[in-house]
Amino acid sequence: MALSLTAEQKSLSDILSKREQIIIPPYQRPYSWGIEECYQLYQDFLDAYNLKSDYFIGNIILAVSEKEKKTPRIIDGQQRIITIWLIFKVLSTFYEDLRILKDTTRTYEWDGNQSKIKIKSDVIESKDYQDLEIVFNWEHSDFSNELKNCQTKSGLFFRPSNLSPIKVNGLYFFYLFKKFKEEEGVNQLKLFIRFMLECIYLLPIELTDTTINSAENKALTIFETINNRGMDLQDADIFKARLYAKSISESEKDNFIQLWFRFRDECESINLSVDEIFRYYSHIIRGRDGNTKNEISMREFFAGPNSPISRNTQTEIIKDLLKITSLLREYDDRKNEKTELAAWLQLIDIYSNRYPKYAIITYLFKYGFSNEKELIHILKAVVRYSYFMGSTSSVKFGIYIIIKQISFGEHVKDYFQEDVEFEQFNYLGRLKYGYALLAHYLENPICIPDYKTDRLLTSRDANNLPEDWNGYSLSMHIDDLGNLAILDIHKKNKKYLDKRNDYLSTGNEELKKFLSKNRDGISYTALQERTEYKKQLLVNFFRTTK
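Description of the structure in this document.

Reading the values: rules and limits
Residues numbered from 1 in each chain as written. Predicted model: local features only at pLDDT ≥ 70, side-chain atom pairs only at ≥ 80, totals over all residues. Heavy atoms only, no water. Helix = DSSP H or I, 4+ residues; strand = E, 2+ residues; numbered from the N terminus. Rg over C-alpha atoms; globule rule 2.2 N^0.38 Å. Buried < 20%, exposed > 50% of the residue type's maximum accessible area, 1.4 Å probe, protein only. Contact = heavy atoms within 4.5 Å. Lys, Arg positive; Asp, Glu negative; His and termini not counted. Charge placed at Lys NZ, Arg CZ, Asp CG, Glu CD. 1 Å grid on protein atoms, 1.4 Å probe; cavity = no way out; pocket = protein on both sides within 12 Å on 5 of 7 lines; lining within 4 Å. Points joined across faces, edges and corners; volume = space filled by probe spheres on them. Nonpolar A, V, L, I, M, F, W, Y, C, P; charged D, E, K, R; others polar. Arc of directions from axis to C-beta. Pairing = 2+ DSSP bridges. Disulfide = S-S within 2.5 Å. Phe/Tyr/Trp six-rings, centres within 6.5 Å; stacked < 30°, edge-to-face > 60°.

## A word on the overall build of the protein
So, step 1. What the protein contains, in helices and strands, is 23 helices and 11 strands.
So, step 2. Computed over C-alpha atoms, the radius of gyration of the protein comes to 31 Å, more than 25% over the 24 Å expected from 2.2 N^0.38 for 546 residues, which places it beyond the range of a compact globule.
So, step 3. Oriented by its inertia axes, the alpha-carbon framework of the protein measures out at about 90 × 55 × 40 Å.
So, step 4. In the protein, buried positions account for 51% of the 546 residues.
So, step 5. Expressed as a percentage of contacts within the protein between residues at least 6 apart in sequence, the contacts between residues at least 24 apart total 73%.
So, step 6. Here the protein carries 76 positive and 78 negative side-chain charges, and the mean point of each set is 1 Å from the other.

## Some remarks on empty space enclosed by the protein
So, step 1. What the rule picks out here adds up to 2 cavities of 30 Å³ or more.
So, step 2. Taken as a whole, the largest cavity spans an internal volume of roughly 50 Å³.
So, step 3. Contributing elements (two or more residues each) for the lining of the largest cavity: α20 (432–443), β11 (484–487) and α23 (524–543).
So, step 4. Counting residues per element, the lining of the largest cavity draws most heavily on β11, at 3 residues.
So, step 5. When its residues are assigned to classes, the lining of the largest cavity shows 5 nonpolar, 2 polar and 3 charged.
So, step 6. Taken as a whole, the second largest cavity spans an internal volume of roughly 40 Å³.
So, step 7. Together, Arg279, Ser282, Arg286, Glu295, Ile296 and Phe301 line the second largest cavity.
So, step 8. Considering each element in turn, the lining of the second largest cavity owes the most residues, 3 residues, to helix α12 (residues 274–288).

## Regarding helix α22 (residues 509–517)
So, step 1. Residues Glu510, Leu511, Phe514 and Leu515 constitute the buried set of α22. Along α22, the residues classed as buried sweep out an arc of 130° about the axis, all on the same side. Set apart from the buried face of α22 by more than 90 degrees, the exposed residues are Lys513 and Lys517.
So, step 2. Of the surrounding secondary structure, the elements contacted by the buried residues of α22 are α20, β11, α21 (496–503) and α23.

## Re the pairing of strand β5 (residues 68–76)
So, step 1. Sheet analysis places strand β4 (residues 55–65) next to β5, joined by 4 bridges and oriented antiparallel. From the neighbouring strand, Ala63 faces β5, where its bridge partner is Arg73.
So, step 2. Linkage of β4 to β5, two consecutive antiparallel strands, is achieved through a turn of 2 residues.

## Details of the state of the cysteines
So, step 1. Enumeration over the complete set of coordinates arrives at 0 disulfides.
So, step 2. No disulfide involves Cys150; its sulfur sits 13 Å from the nearest other cysteine sulfur, which is in Cys38.

## Considerations on the packing of aromatic side chains
So, step 1. A complete count under the given rule lists 40 aromatic pairs for this structure.
So, step 2. Seen from their ring centres, Trp138 and Phe143 are 5.1 Å apart, and the 80° between their planes marks the pair as edge-to-face.
So, step 3. Taking relative accessible area as the criterion, Trp138 reaches 11% and is therefore assigned buried.
So, step 4. Pairing Phe177 with Phe192 gives two aromatic rings, centres 6.2 Å apart and planes at 50°, and the pair type is tilted. Within this pair, whereas Phe177 is found in helix α7 (residues 165–184), its partner Phe192 is found in helix α8 (residues 186–199), the two being separated by 15 residues in sequence. Residues Phe177 and Phe192 agree in their burial class; the two are buried.
So, step 5. Through a chain of ring-to-ring contacts, the aromatic side chains of Phe239, Tyr244, Phe256, Trp260, Phe263, Phe278, Tyr281, Phe301 and Phe302 assemble into a single cluster.

This is the structure in structure tokens:
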């Protein structure tokens, strides 16, 4: 079906009084505006009123099902729409005889007898729906009584820590309009209300389709296009909604919310976003499916037709996601142990993108840490392939194949490179410390937990170099392998001669020997000899098993 989009500037009265109910979808984030944002909005309205000038406050994006045209879902603008609703809810308690104010805050059943709230929040990560209902049922006396707990003895407003943003902001608007009425009078407040209803505008952009899911997908695409600050709504918010929608009973919904909270907390505990965990998951699933083609977008992968979310149960998916967070935590623990395994885990971590780690987590998801010898073989193969390719996103194409081999239980080849040359390590680029760490572990295979990296010579040494540097520029050799150090002690930001004695306390025997031989400075010849030695270690690793 062709894209069905409508956009027409409308007053707040047109938007709020002519809708049955506006739905905030489950995947949206909780309401979070503070009194600072509320005051700014109020002041903007007041300034426009005083200037007698129409005021435009931006666009909102709505998804509309053809079968339920009067109950749109809001994709962008929920913070503003809730805040505007709070304004008119408060004002409706000042003038109970003004039907138009009631109409902006509530809808009515077909017979006109029973009303319900205009803004319905289905957000699963908060109790916004409860707070909206509570404020919806407050009368003028309720606001007055609650406001007493939000004012100092001198009458200034403050935010109590035990109240939600929805309740606080409702009370804050009551405070502001009560003050306006006392200072400007009843008639001025009525004129201000009429101005807000008729002269403040929004641009609702509506995307319509046969089903609400397809309408939402179109609306999200439009949101991505017009929001030049980037996408506020994360992919994981959409995946969460799709998973939540698989719930049938209320008990299933409650259970899912608890599982999702646990999963989200696990993500935070390992300092990764929910989206990042879904990225790991996508590669595990691609491996299972034998998919080595280029990746599609995360949203299309997880929310499109025949997606993993549609194929698997809530419990299966959350169980898999929690398993990934558990493996990543164990990975971080293991890479700081004084073992050979930890050394190779560190080399995967220091690579310039995550593709090698996707392959290792896929292996761990299938086999765990039980076979350390086999795991080290896989790690070496992935390191050999990735580091030979250099720092490039094109490494992903080989990683896709490795992930498939791991998932199907096939042998992962060693990726020896018989044509590797010394000259390939003249310029190390973004992987300079990765190559330096690799060279170090090829000579000393036991991991240095929490290692540090440093350049032995820095630009501050340029004027105090030995004589054989004449004719050579230090800046051209600052990132040579021979000038890079892997430390098991704290890094010192000093000139070479000032930090040399500190570095002699290192347990890195090769580095200690080099420092001992170069007490008065590092000659050009000495630096090149160390560089060639390090290069030989790397060439041997890429060419043979030795």
